[in-house]
Amino acid sequence: MKLKWLLSLVCMVLVLACGCALAENMPGDVYDLDWYQTAQPETEGAAYLNFFIRYNPVRISHTPGDEGMPYRWNIWYGYENLGSADFTPTQVTEVYFDENGKVADVFVTSGVGLNIFFNDNILKVGDARGYNVIRPAGSDTGYGAAIRGVDANGNELVFGVYVPLSQEVEIRYTIDMLQQPNEREEGKPFIVMTPREAVSPLVVTDQFDKGAGWFYGFLAHNGTDLSFTATELVEVLFDFNGDAYPSVYDGEQLTGWGCDLSFATDWDFGSGIPVQDVQSAGYILRGVDAEGNEMSFHTYIELEQPK
């Protein structure tokens with residue numbers, strides 16, 4: 001099986017905002033949970049924002065050395081204008097839902113404050129953006145954002161995204177963890193994951209907005225005749241401090257990219273990111289055997305650095 005390269009938006013369009021420091025406490029587009037969990041319809045001849053989220057749900061990140069916020073949610077979502085008209089955002093309303101599914105906090109951003117969400121004031125057809133907000137862990141169960149604006153044809157539109165929040169603490173991935181060999185267990189399937197290249201070369205290409213980047217990936221096959229079904233794949237990028245930035249792809253996404261979850265055929269999985277402060281990448285493949293036992297396998301890839 002040959003997969004097309006997945007040009008990751010993990011860092012390419014990331015905008016970082018901590019809390020909502022630039023937001024104003026003022027009336028905005030405050031909708032209930034049902035509104036966020038119902039897809040907004042696409043209107044012919046108008047702009048349309050399609051959303052995607054990195055984690056579903058977002059687990060709590062624990063950073064023991066951070067005395068100010070040792071437990072937090074790192075909430076990320078991306079979106080692209082798949083409509084037929086350019087879109088100019090005018091206001092963003094962020095809400096947090098409590099344990100009863102009711103709105104607990106509201107933050108509204110407009111004017112110059114929108115710079116934390118958008119690199120410019122217009123989302124042209126085909127443009128994609130990403131946004132990351134950090135929230136101290138508490139009793140919240142979800143985050144919602146409503147983006148209001150007007151398109152090039154004068155249509156006033158509102159688009160929304162909902163991100164569930166979990167009370168579970170996420171796994172802390174480390175380089176050492178992914179460099180350890182996978183261990184075979186007697187009577188259980190064993191997935192052999194091999195990097196395309198031990199060190200992925202830095203390539204110069206206009207496929208990346210910065211003119212250079214890395215294409216990397218792995219080959220995988222079931223080294224036994226025992227049943228294994230993949231359930232999710234975690235892609236992890238490591239910066240030069242060793243901090244991990246994981247992205248989780250579930251079975252539905254993997255199937256959409258042509259991955260055979262039953263491993264009746266081998267995987268040839270590829271990804272890519274533009275050049276940035278990243279030293280390496282890793283993958284963790286999770287799944288179950290015929291008896292439903294959970295298993296995981298991993299691989300690690302160095303990235304060639306600019307001279």
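Our subject is the structure that appears above.
Model, not experiment: these values are computed from the prediction.

(A) Structural detail: the nonpolar core. Counting 30 residues, the largest nonpolar core has Tyr77 and Tyr143 as the members making the most contacts within it. Counting only elements with at least two residues in this core, the list comes to strand 3 (49–53), strand 4 (58–62), strand 5 (71–81), strand 6 (87–97), strand 8 (128–136), strand 9 (142–151) and strand 10 (156–169). For this core, the element with the highest residue contribution is strand 10, accounting for five residues. Those residues in contact with Tyr77 that lie beyond four places of it in its chain are Phe51, Phe52, Ile53, Phe117, Arg129, Gly130, Tyr131, Tyr143, Ala145 and Val161. Counting residues in hydrophobic clusters, the runner-up holds 26 residues, among them Phe263, Ala281, Phe297 and Leu303.

(B) Expanded view of the side chain of Asp29. For Asp29, the location among the structural elements is in the loop between strand 2 (16–18) and helix 1 (33–36). Within the structure, the side chain of Asp29 is placed 3.4 Å from the side chain of Gln91, a separation counted as a polar contact. Here the side chain of Asp29 touches Arg148 through a polar contact of 2.8 Å, side chain to side chain. Beyond its immediate chain neighbours, meaning those up to four positions away, Asp29 contacts Tyr36, Gln91, Thr93, Ala146, Arg148 and Val158.

(C) Region of the structure containing the pattern of salt bridges. This structure, assessed with the given rule, holds nine salt bridges. Two residues, Arg196 and Asp268, come together in a salt bridge whose shortest N-O distance is 2.2 Å. Taken together, the residues span a long stretch of sequence, with Arg196 in the loop between strand 11 (191–195) and strand 12 (199–200) and Asp268 in strand 17 (residues 267–274) at a distance of 72 residues. Classification of Arg196 by relative accessible area gives partly exposed; the value is 28%. What makes Asp268 buried here is its relative accessible area of 13%. Several salt bridges share partner residues, and in doing so they unite Asp29, Arg148 and Glu156 into one network.

Rules used in this analysis
- Residues numbered from 1 in each chain as written.
- Predicted model: local features only at pLDDT ≥ 70, side-chain atom pairs only at ≥ 80, totals over all residues.
- Heavy atoms only, no water.
- Core = buried A, V, L, I, M, F, W, Y, C linked by side-chain atoms within 4.5 Å.
- Buried < 20%, exposed > 50% of the residue type's maximum accessible area, 1.4 Å probe, protein only.
- Helix = DSSP H or I, 4+ residues; strand = E, 2+ residues; numbered from the N terminus.
- Contact = heavy atoms within 4.5 Å.
- Polar contact = N/O pair within 3.5 Å; in protein donor to acceptor, adjacent residues only side chain to side chain.
- Salt bridge = Lys/Arg side-chain N within 4 Å of Asp/Glu carboxyl O.

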